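# Survey of secondary and tertiary structure
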Protein chains: 2
Amino acid sequence: MSEMELDNRGREILREIIRNFIHSGEPVGSRTISKIHPEGLSAASIRNIMADLEEMGYLMQPHTSAGRVPTDRGYRYYVDSLLTGMEVPRSDRERVAEAVRGQGGLPEVLAEISRVISSITHQVGFVVSPDHTLAILKHIEFISLGSKRILAILVDRSGVIHNRVADTSEEISQEELDKIGKYLVSEYHGKTLTQIREALLQKMKEEKARFDTLLSRALALGTQFLQAQEEADQQVFVQGTSNILQQPDFSDMEEMRRIFETFEAKGRLVKILDEVVGSEGLRVVIGSEHPDPALAHLALVVSPYKVGDQPAGMLGVLGPTRMEYARAMALVGYISKLLSRILTVPPS
Amino acid sequence: MSEMELDNRGREILREIIRNFIHSGEPVGSRTISKIHPEGLSAASIRNIMADLEEMGYLMQPHTSAGRVPTDRGYRYYVDSLLTGMEVPRSDRERVAEAVRGQGGLPEVLAEISRVISSITHQVGFVVSPDHTLAILKHIEFISLGSKRILAILVDRSGVIHNRVADTSEEISQEELDKIGKYLVSEYHGKTLTQIREALLQKMKEEKARFDTLLSRALALGTQFLQAQEEADQQVFVQGTSNILQQPDFSDMEEMRRIFETFEAKGRLVKILDEVVGSEGLRVVIGSEHPDPALAHLALVVSPYKVGDQPAGMLGVLGPTRMEYARAMALVGYISKLLSRILTVPPS
DNA sequence: ATTGGCACTCAGCCCTGGAGAGTGCCAGGA
DNA sequence: TCCTGGCACTCTCCAGGGCTGAGTGCCAAT
């Protein structure tokens, strides 16, 4: 094996080194691997291979006389090519099931899921709530709060409740509001919010000339609230941030502070996640691969989940690059599939 | 001045020491104070006074040859007797006003307030949302989500929206639900949720014998949801946790972890706050005075706010005991009064 | 190609000694 | 009686030096 490609033995050694490091957190030396190695290579031979792996950028030494530590590139190779698939243990599946079965609306369930992820992996778990615009209209209701303030309550097919307050230019009576609500439901029941908004805009153009005040008000009100809804931030549930502090890998307070700041600024977090997550399938982002430097020493395992056939939200795990990738990936994959199923075919 | 009581000069010195320590974070020595002191006492005299203050438990030395540091008792005395009242600067008042004026419902405003508190004090800011049970009914609506699942939406007089999903024992049609909602509103509009619940329970006893299904269902449904509502956790908005990490006062990771855990477990946090907050007025809890050991090195400035004449929620600041008490107290007091006013006379 | 051997490097630890900050106490002065 | 200057003392902090243990890189032998 020279500098070009990784032969089979090199891969085996690399895997063993990373596995070891993930569990111990200590730089791993040639002797350690030599003892484990099935074919019984001597420490000296391992050293040669290690030197090669280092040259290729998969490993590095914290200092001259220490063992080796994986680089981000090393983890990347490990995740892409060395990882053996893993089942989610039965006990974990049960904990997830329990969280999903829980009482309360979707927000409560998502919060509970983030809690379970955090608790199983001992890392930071997160769930980003589904995109509102994909919600399918089931019921809409307008309630006058007095003097031109109107509250809109919208229920989607899976029982998620969206609400929004806005001001209108003119006073509208409660009866009229009821009628407008009924009209919108009867007309657009079963459509997604985006579809409805488009349909309303279309109709507004067509009907402009006419003077059916009820209808025009319905259109105005509907578009106004759907617009607001689209702009509303997605909710983010983050749990287990204190786990990050446990990790001995971190000692730099200033960096730590920036990480916590990122967790707190939910909007920024979603943006970062949006940048890296695809429309399909699980992604792993490791250390320096992150677009945001605040996460430069963290690894992210994230997967989108769907509502119907549209990607709607995402969930995952954040932790130090020294992370049990296999476990985290299995869990995140499992939950994202489960959640997609639940949201697509609503319970009952 | 001997061991018994603090004479005027002792108080002056103590105040100066604490002021100094709050700003520098370094143990303060006799020379430093001697230089500041208006009456021009020598360092040696200051030392004698310091020794007395230490004996009385207001100060301590981290080690023999260091300056003095306030004890929790010292801070307590400072807060109770040495603090000169302070105005909230105009610029801060404006930032608060802006947060309150913001678009969106109450939750958004409260979240924004916690953010402003954190940003002004550079500490952790928090707001606990008002107790649901004090809300005054304006509108209630039941929506069937199919197969015995029912969503209740309740709007109170200040425009806050509460919603809750629950299962019923038998299917109820949407028309019936509408009727039930209308009935409850017409009957109990303007009452608080607690009052309503009691009235309903009362009525249930009386009407037990009769067989008006609509009425009995209304009663059952109403009590069920109001019950659930009372049990619902109060929301807590916590912001600026990362500021805690900036503080050089903390270095013990394990303790830090426990603090962050406490911030994350909102329920536990509310319980702790409930224990210390009174029904009226601002409270300061310093270090070891805390009932919960997790906060043993933190200081808390907290005040309840009211809806009408009932204490409803609370808000405040959490930070190291080395905190700018005057500023924090002024700000928390100011905001709590402002919030009480807003919630009592809702912005039309 | 693999291995045992050997020299080398470096973090971690403990010890030491000097500098600096601050104290406690004492004796002299208003 | 209270205040103050002076002085010895204590203790942290830091830098330097020596030792140990872990682990490496390289070389010559198999």
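To start, this report covers the structure provided alongside it. (Residues numbered from 1 in each chain as written. Chains lettered and ligands numbered in written order. Predicted model: local features only at pLDDT ≥ 70, side-chain atom pairs only at ≥ 80, totals over all residues. Heavy atoms only, no water.)

So, on to the protein's contact with DNA strand D. For DNA strand D, the set of nearby residues contains 21 residues, the closest of which are S30 of chain A together with R9, S45, T64 and S65 of chain B. Close to the protein, within 4 Å, the atoms of DNA strand D are drawn from sugar and phosphate at a rate of 75%. R9 of chain B places a side-chain nitrogen or oxygen 2.6 Å from a phosphate oxygen of DNA strand D. Within the backbone of S42 of chain B, a nitrogen or oxygen atom sits 3.1 Å from a phosphate oxygen of DNA strand D. Among the elements that make up the surface near DNA strand D, the one with the highest residue count is helix α3 (residues 43-55) of chain B (4 residues). Across the surface near DNA strand D, the residue classes tally to 4 nonpolar, 13 polar and 4 charged. (Near = heavy atom within 4 Å. Polar contact = N/O pair within 3.5 Å; in protein donor to acceptor, adjacent residues only side chain to side chain. Helix = DSSP H or I, 4+ residues; strand = E, 2+ residues; numbered from the N terminus. Nonpolar A, V, L, I, M, F, W, Y, C, P; charged D, E, K, R; others polar.)

Let us now look at the packing of aromatic side chains. Residues and elements named next belong to chain A. All chains considered together, the criterion is met by 9 aromatic pairs over all chains. Relative to Y325, the ring of Y75 lies with its centre 5.7 Å away and its plane at 50°, an arrangement referred to as tilted. With Y75 in helix α4 (residues 72-82) and Y325 in helix α13 (residues 325-344), the pair connects residues that are 250 residues apart, well separated along the chain. The pair formed by Y75 and Y325 is uniform in burial state, with each residue classed as buried. (Phe/Tyr/Trp six-rings, centres within 6.5 Å; stacked < 30°, edge-to-face > 60°. Buried < 20%, exposed > 50% of the residue type's maximum accessible area, 1.4 Å probe, protein only.)

After a rotation of 180° and a shift along the axis of 0.1 Å, chain A superposes on chain B with an RMSD of 0.2 Å. These values place the two chain copies in the arrangement generated by a two-fold rotation axis. Of the C-alpha atoms belonging to chain A, the one lying closest to the rotation axis is found on I153 of chain A, 4.3 Å away. Interface overlap between copies: 97% of the residues of chain A at the interface are likewise at the interface in chain B, consistent with a symmetric, same-surface contact. (Least-squares fit on C-alpha atoms with pLDDT ≥ 70 in both. Contact = heavy atoms within 4.5 Å.)

We now examine the interface of chain A and chain B. Bring the parts together and some accessible area is lost; that lost area is often taken as the interface size. On the chain B side, the residues contacting the 32 residues of chain A number 32 residues. Across the chain A to chain B interface the summed buried area is about 3,000 Å²; carbon plus sulfur atoms make up 60%. Counting every contact that joins chain A to chain B gives 0 salt bridges. For the pair chain A and chain B, the number of links is 4 residue pairs in polar contact (both at pLDDT 80 or more). Across the side of chain A that touches chain B, the residue classes break down as 12 nonpolar, 14 polar and 6 charged. (Buried area = accessible area lost by both parts, 1.4 Å probe. Salt bridge = Lys/Arg side-chain N within 4 Å of Asp/Glu carboxyl O.)

Before going further, it helps to examine the pattern of salt bridges. With the rule as written, the count across this model stands at 31 salt bridges over all chains. Salt bridges sharing partners connect three or more residues here, namely E254, R257, R258 and E261 of chain A.

Residues and elements named next belong to chain A. The biggest cluster of nonpolar side chains holds 56 residues, and the ones touching the most others in it are L14, I17, L53, L110, I113, L315 and Y325. Here this core spans two domains, and each of domain 1 (8-82) and domain 2 (90-131 + 234-344) adds at least three residues to it. In contact with I113, other than residues within four places in its own chain, are A99, V100, V127, I335 and L339. (Core = buried A, V, L, I, M, F, W, Y, C linked by side-chain atoms within 4.5 Å. Domains from an automatic or database assignment.)

Right, let's talk about the pairing of strand β10 (residues 310-320) of chain B for a bit. Residues and elements named next belong to chain B. Counting buried residues in β10 gives 9 out of 11 residues, a clear majority hidden from the surface. Pairing of strand β3 (residues 124-128) with β10, which is carried by 5 bridges, proceeds in the antiparallel orientation. Directly across from V124, in β10, lies its bridge partner L318. With 10 bridges connecting them, strand β9 (residues 298-307) and β10 associate as antiparallel partners. Bridged to A299 within β10 is G319. Joining the antiparallel neighbours β9 and β10 is a turn of 2 residues, in which G308 adopts a positive phi near 65°. (Pairing = 2+ DSSP bridges.)

All names here are of chain B. The sheet built from 3 strands is open, its strands ordered β4-β5-β6 with antiparallel pairing. Both outer strands of the open sheet, β4 (137-144) and β6 (161-167), are each paired with one neighbouring strand and no more. The average angle at which neighbouring strand axes cross in this sheet is 15°, direction not considered. Across 7 bridges, the pairing between strand β5 (residues 149-156) and β6 is antiparallel. Of the residues in β6, the one forming a bridge with L154 is H162. (Axes fitted to C-alpha atoms, helices over the stretch in contact; angles between N-to-C directions.)

Between two packed helices, the angle of one axis relative to the other and the distance separating the axes together describe the packing. All names here are of chain A. Between helix α1 (residues 8-24) and α4, the shortest axis-to-axis distance is 10 Å and the interhelical angle comes to 110°. In this view, α1 runs roughly perpendicular relative to α4, as classed from their interaxial angle. Between α1 and α4 lies a crossing of left-handed hand. Facing R11, L14, R15, I18, R19, F21 and I22 of α1, the residues of α4 in contact are G74, Y75, Y77, Y78, S81 and L82. (Parallel < 35°, antiparallel > 145°, perpendicular 65-115°, else oblique. Left-handed = near helix turned anticlockwise from the far one by under 90°.)

All names here are of chain B. One open sheet holds the 5 strands; their spatial order is β7-β3-β10-β9-β8, and the pairing between them is antiparallel. Bordering the open sheet on either side are β7 (236-239) and β8 (283-286), each of which pairs with just one other strand. Averaged over all pairs of adjacent strands, the angle between their axes in this sheet comes to 15°, without regard to strand direction. Of the pairings in the sheet, the one linking β3 to β7 comprises 4 bridges and is antiparallel in character. Paired with G125 across the strands is Q239, a residue of β7. Strand contacts of helix α6 (residues 106-121): β3, β7, β9 and β10, with the helix running at about 155° to β3, the strand carrying the most contacts.

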